[in-house]
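Listed below are the residues making up each chain.
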Amino acid sequence: MTAASPNPVMLQGVTPPLDTLGVIRAEGPDAAGFLHGQLTQDFVLLKPGEARLAALCSPKGRMLASFIGIRPVPEQVLLVCSRDLLAPTLKRLSMYVLRAKARLSDASAEFAVRGLAGAAISSAGADPLAAPGTCTAAGPAHVIALYPADGVPRALWLAPEGTPAPQAPALDAGLWAWSEVRSGVATLSAPVVEAFVPQMLNYESVGGVNFKKGCYPGQEVVARSQFRGTLKRRAYLVEADAPLAAGQEVFAEADPQQPVGTVVQAAAGPGGGWSALVSMQTSALEAGALHAASPQGPVLRLEPLPYPLLQDI
């Protein structure tokens, strides 16, 4: 059985604290400016009611981590990222603080991060119809609007540890992980570090890259990928009957000798199948059936992306 679209009744509620995510805190007079010079987003102009998707890149433009960032007060930025990348990311960023008046720390133990879906967003004091990237202060918590999963509104709830969770039905963390995949917006994790420039995950189409800001590591490569020629790799939403995992290679039937892509993020669906985001060559769409892990591996069925891709400039 394949994974079906989320049932609005099923994809409702609040998750337990998501142990797959961690929080980096940057604080001090130069915190926003420092991150502005390191990540793909403009954090200097970030307002309290906004959130930003962003990436940390290597000098070659390859993604080392991805974040959802908010700036609750002028001298503090909170970055939510995959917990398995937090320690190396914090270490790398800390190397470049130098004379900047900014302090970076792992604040994961001080915050709870939960997923909200459907009516639970209203229970948390936010608008379920808010545009992705809207950040609503609800008491000590912040509710960050995310891209929906097949039309079901979703948000992250970020609050100091010990803050009572919103009054809403419990939502299974595994179902939340599936909704993350179905949203089409990838969160980078350890198996795929340095595998992609941001456009290979459609980050320029979902607000993850600001092309008007100043320099940051890898900026020239990211800009060149955008402004010179056609992007040759994109992220796609797929389904399969068998388990999938981040880091698996993707093969096309027409050329089984060479992989055409990589599984970025995957999760089991409530119907028994699996959904995944894969980054692959755009030409693979015309290269016959797609398989995961090997040329004889599980067949991948393409699904429509839940957002439009920006046209190559």
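Bear in mind that the values here come from a model prediction, so they are computed numbers and not experimental data. For every chain, the first residue of the written sequence is number 1, and numbering continues from 1 onward in sequence order. Reporting in this predicted model follows two pLDDT cut-offs: at least 70 for local features of residues, and 80 or more for side-chain atom pairs to be given and counted; totals over whole chains, interfaces and linings ignore these cut-offs and use all residues. Just so you know, side-chain values use all the structure's heavy atoms and leave hydrogens and water out.

Asks: Tell me what's going on with the sheet that holds strand E14 (residues 274–281), and back it up with residues and numbers.
Replies: Hydrogen bonds between backbone atoms are what pair the strands of a sheet, whose relative direction is either parallel or antiparallel. Paired strands, in this sense, are two strands between which DSSP finds at least two bridges. Each helix is a run of DSSP H or I of at least 4 residues and each strand a run of E of at least 2, with the numbering of both proceeding from the N terminus. Strand order in the closed barrel made by the six strands is E11-E14-E13-E12-E15-E16, with antiparallel pairing throughout. Taking each pair of neighbouring strands and ignoring which way they run, the sheet shows an average axis angle of 45°. Both strand E12 (residues 249–252) and strand E15 (residues 290–292) contribute to a ladder of three bridges, which runs antiparallel. Paired with Ala252 across the strands is Leu290, a residue of E15. For this analysis, residues touch if any pair of their heavy atoms sits within 4.5 Å. Comment: axis = line fitted to C-alpha atoms, over the contacting stretch for helices; angle = value between 0 and 180 degrees taken between N-to-C directions. Against the sheet, helix H4 (residues 173–182) contacts strand E11 (233–240), strand E13 (261–268), E14 and strand E16 (299–303), and its axis sits at roughly 145° relative to E13.

Asks: Mind laying out the pairing of E13, listing which residues take part and the relevant values?
Replies: Under the scheme applied here, a residue whose accessible area is under 20% of the maximum for its type counts as buried, over 50% as exposed, and between as partly exposed, the area being computed with a 1.4 Å probe on protein chains only. The buried count for E13 comes to six of eight residues, which makes it a mostly enclosed element. Looking at chain direction, E12 and E13 are connected through two bridges and run antiparallel. In the strand pairing of E13, Val250 is matched with Gly261. In this structure, E13 lies alongside E14, joined through seven bridges in antiparallel fashion. Of the residues in E14, the one forming a bridge with Thr262 is Ser279.

Asks: Report on the side chain of Ser183, specifying residues and quantitative values.
Replies: Tracing the backbone shows Ser183 in the loop between H4 and helix H5 (219–227). In this structure the side chain of Ser183 is engaged in a polar contact, spanning 3.4 Å, whose partner is the side chain of Arg154. Any pair of nitrogen or oxygen atoms within 3.5 Å is treated as a polar contact; in protein, a donor-acceptor pairing is required on top of that, and neighbouring residues in sequence qualify only through side-chain atoms on both sides. From its side chain, Ser183 meets the backbone oxygen of Glu180 in a polar contact 2.7 Å long. For Ser183, the residues in contact, after removing those within four places along its chain, are Tyr147, Pro148, Ala149, Arg154, Pro306 and Tyr307.

Asks: Mind laying out the sheet that holds strand E4 (residues 63–73), listing which residues take part and the relevant values?
Replies: Strand order in the open sheet formed by five strands is E3-E4-E5-E2-E6, with antiparallel pairing between adjacent strands. With partners counted over all chains shown, the strands left at the sheet margins are strand E3 (51–57) and strand E6 (103–106), one partner each. Shown here is a sheet whose adjacent strand axes are inclined to one another by a mean of 30°, direction ignored. Across seven bridges, the pairing between strand E2 (residues 21–27) and strand E5 (residues 76–82) is antiparallel. Among the inter-strand pairings, Glu27 is bridged to a residue of E5, identified as Gln76.

Asks: Would you mind going over the environment of Thr282 in detail, with residue names and values included?
Replies: In this fold, Thr282 is placed in the loop between E14 and E15. Here Thr282 falls in the partly exposed class, since its relative accessible area comes to 29%. When the C-alpha positions of Thr282 and Arg234 are compared, they lie 6.3 Å apart, and in sequence the two are 48 residues distant. With residues near it in sequence (within four places) discarded, Thr282 still touches Leu231, Lys232, Arg233, Arg234 and Tyr236.

Asks: Requested: an account of the packing of aromatic side chains, with residues and values cited.
Replies: In this scheme Phe, Tyr and Trp rings, the latter by its six-membered ring, pair at centre separations within 6.5 Å, and the angle between planes marks the pair as stacked below 30 degrees, edge-to-face above 60, and tilted otherwise. In total, this model carries one aromatic pair according to the counting rule given. Between Tyr147 and Tyr307, the aromatic rings sit 5.9 Å apart at their centres with planes inclined by 65°, giving edge-to-face as the arrangement. One end of the pair, Tyr147, is in the loop between strand E9 (141–145) and strand E10 (154–160); the other, Tyr307, is in the segment after E16, with 160 residues separating them in the sequence. The exposure class of Tyr307 is buried, given its relative accessible area of 7%. Here the basic side chain of Arg154 rests over the ring of Trp176, its NZ or CZ set 4.7 Å away from the ring centre. A ring is considered to have a charge above it if a Lys NZ or an Arg CZ atom is located within 6 Å of its centre and within 35 degrees of its normal.

Asks: Break down unusual backbone geometry for me, citing the residues and quoting the values.
Replies: The backbone of Asn202 shows a phi angle near 65°, a positive value even though the residue is not glycine. Structurally, Asn202 is set in the loop between H4 and H5.

Asks: Mind laying out the pattern of salt bridges, listing which residues take part and the relevant values?
Replies: By convention in these notes, a salt bridge is any Lys or Arg side-chain nitrogen within 4 Å of a carboxyl oxygen on Asp or Glu. According to the stated counting rule, one finds nine salt bridges in the structure shown. A salt bridge links Arg182 to Asp150, with the shortest nitrogen-to-oxygen separation between them at 2.6 Å. In this pair, Arg182 sits in helix H4 while Asp150 sits in the loop between E9 and E10, placing the two residues 32 residues apart along the sequence. For Arg182, a relative accessible area of 2% puts it in the buried group. Since its relative accessible area comes to 32%, Asp150 is described here as partly exposed. Salt-bridge contacts for Arg234 lead to Glu204; the nearest nitrogen and oxygen are separated by 2.5 Å. Of this pair, Arg234 sits in strand E11 while Glu204 is found in the loop between H4 and H5, placing the two residues 30 residues apart along the sequence. Pair check on accessibility: Arg234 and Glu204 agree, each one buried. The network of salt bridges with common partners includes Asp150, Arg182, Glu239 and Glu303.

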